[in-house]
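Here is what each chain is made of, one letter per residue.
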Amino acid sequence: MSRTSAALQPPADAVQPVRHPDAPAPGELLGAHYGACFGCGEEQPHGLHLEARAGEGVSLTAEFTVQPAHQGAPGLAHGGVLTSALDETLGSLNWLLRTIAVTGRLETDFERPVPVGTTLYLEAEVTAVAGRKIYSTATGRVGGPDGPVAVRADALFIEVKVDHFVDHGRQEEIQAAMSDPDQVRRARAFEVNP
């Protein structure tokens, strides 16, 4: 995007992203990283229930359908909800890098309204990596994967250690996640957090 701020422009020494050898295969559904996540969690009655699939390289596609609980103006998706969908999609890219990262900066452009009942088709890719900084971009389309662009975003994610969540999260949820007897769910709760 030509309107992207300087903070979201990769530095000259940035490198091309490399998909981790253990990343999900192209076409594979990524699933929720945490059941209570507003973006992808199945336990959130009014969440986005966003479903992301691994793409080629360090890219993915995702979808979510705008529900009545997601509206801002009558019959239209709230801009914050659309931004959340972009953030969740961009954050899911970190699974392909096998990197724990959080959103450092996110810039969203709204191109057209998204009515309630509309499925938003999202595409995202990591464009560059510079040390702990991960640069990425996403678009959301209506009317199908090749439909008109409704929203777009550029983001900067920052790699963190798992201590970030342990030190700053609410202790009740941290303990519940860490006590989960399912080892896979326990690990996934802290793998990706947009």
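Residues numbered from 1 in each chain as written. Predicted model: local features only at pLDDT ≥ 70, side-chain atom pairs only at ≥ 80, totals over all residues. Heavy atoms only, no water.

(A) Broad picture of the side chain of Ser-59. Its location among the elements puts Ser-59 in strand β2 (residues 59-65). In this structure the side chain of Ser-59 is engaged in a polar contact, spanning 2.6 Å, whose partner is the backbone oxygen of Glu-56. Those residues in contact with Ser-59 that sit more than four places away from it in its chain are Ala-54, Leu-93, Leu-96, Ala-124 and Glu-125. (Helix = DSSP H or I, 4+ residues; strand = E, 2+ residues; numbered from the N terminus. Polar contact = N/O pair within 3.5 Å; in protein donor to acceptor, adjacent residues only side chain to side chain. Contact = heavy atoms within 4.5 Å.)

(B) The environment of Val-102, seen in detail. Mapped onto the elements, Val-102 comes out in strand β3 (residues 101-110). You can call Val-102 buried: its relative accessible area is 14%. A C-alpha to C-alpha distance of 9.9 Å links Val-102 and Asp-87, two positions 15 residues apart in sequence. (Buried < 20%, exposed > 50% of the residue type's maximum accessible area, 1.4 Å probe, protein only.)

(C) View of unusual backbone geometry. One non-glycine residue, His-49, adopts positive backbone phi at about 50°. Inspection of the secondary structure assignment puts His-49 in the segment before β1 (51-54). The backbone of Arg-98 sits at a positive phi, close to 55°, despite the residue not being glycine. Of note, Arg-98 is situated in the loop between α2 (94-97) and β3.

(D) Representation of the confidence of the model for the chain in the model. Mean pLDDT over the chain: 88, with 82% of residues reaching 70 or higher. Predicted confidence in the chain is weakest over helix α3 (residues 163-168), with a mean pLDDT of 58, and strongest over strand β4 (residues 119-130), with 98. (pLDDT = per-residue confidence, 0-100.)

(E) Structural context of the pairing of β1. Burial along β1 is one-sided: the face carrying Ala-52 and Ala-54 is buried and the face carrying Glu-51 and Arg-53 is not. Looking at chain direction, β1 and β2 are connected through four bridges and run antiparallel. Bridge pairing in β2 places Ala-54 opposite Leu-60. Hairpin connection, β1 to β2: the antiparallel pair is bridged by four residues, and Gly-57 has positive phi, about 60°. (Pairing = 2+ DSSP bridges.)

(F) View of the pattern of salt bridges. Taken as a whole and judged by the stated rule, the model has two salt bridges. For Arg-105, the salt bridge is made with Glu-107, and the minimal N-O distance between the two is 3.1 Å. For Arg-105, a relative accessible area of 38% gives the class partly exposed. The residue Glu-111 makes a salt bridge to Arg-152 at a minimum N-O spacing of 3.4 Å. Of this pair, Glu-111 sits in the loop between β3 and β4 while Arg-152 sits in strand β6 (residues 149-159), placing them 41 residues apart in sequence. By relative accessible area, which is 24% here, Arg-152 ends up partly exposed. (Salt bridge = Lys/Arg side-chain N within 4 Å of Asp/Glu carboxyl O.)

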